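# Observations on chain architecture
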Amino acid sequence: MTGPRIDPIRVAGDGVEVAVRLTPRARRNRIEAVVADAAGEVAFKISVFAPAEGGKANAALIALLAKTWRLPKTAIAIAAGPASRSKRLALAGDGPALAARIAAWREENDV
């Protein structure tokens, strides 16, 4: 068994996994911060304007991350938690390069 996740990004075999805490029906689409839950697991706190019905919030989440991290939407999939606020996303591609790109974005945007 592994300990709590200390970074919302984890390099996986064919890309990276990203932990997300999604808030639908927000005032605007944005990546707010990195937050920890009671168990110490960390995730990106992300808000989207779309409602959580019919997969609209999930689609808005994927569109936001694709635009922000300059990835094709097809490279992002919800690996776990499609009907939950806590999600795990799979980003396809070169894992170390993707992790470095997201880490650089985090540092540049103070997230």
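First things first, this report covers the structure right here in the doc.

The rules behind the values
- Residues numbered from 1 in each chain as written.
- Predicted model: local features only at pLDDT ≥ 70, side-chain atom pairs only at ≥ 80, totals over all residues.
- Heavy atoms only, no water.
- Salt bridge = Lys/Arg side-chain N within 4 Å of Asp/Glu carboxyl O.
- Helix = DSSP H or I, 4+ residues; strand = E, 2+ residues; numbered from the N terminus.
- Buried < 20%, exposed > 50% of the residue type's maximum accessible area, 1.4 Å probe, protein only.
- Phe/Tyr/Trp six-rings, centres within 6.5 Å; stacked < 30°, edge-to-face > 60°.

This part takes up the pattern of salt bridges. Enumeration over the complete set of coordinates arrives at five salt bridges. Between E53 and R25 there is a salt bridge, with the nearest N and O atoms lying 3.4 Å from each other. Of the two residues, E53 sits in the loop between β4 (42-47) and α1 (56-68) while R25 sits in the loop between β2 (15-23) and β3 (30-36), which places them 28 residues apart along the sequence. A relative accessible area of 58% places R25 in the exposed class. With a closest N to O distance of 3.5 Å, R30 and E32 form a salt bridge. Three or more residues are tied together by salt bridges with common partners; here these are R30, E32 and K45.

Using the criterion set out here, one finds two aromatic pairs in the structure. Between W69 and W105 the ring centres are 5.9 Å apart and the planes differ by 75°, which places this aromatic pair in the edge-to-face class. Separated by 36 residues along the polypeptide, W69 in the loop between α1 and β5 (76-80) and W105 in helix α2 (residues 95-109) bring together distant segments of the chain. On the accessibility criterion, W69 (1% relative accessible area) is buried. Chaining the aromatic ring pairs together yields one cluster made of F44, W69 and W105.

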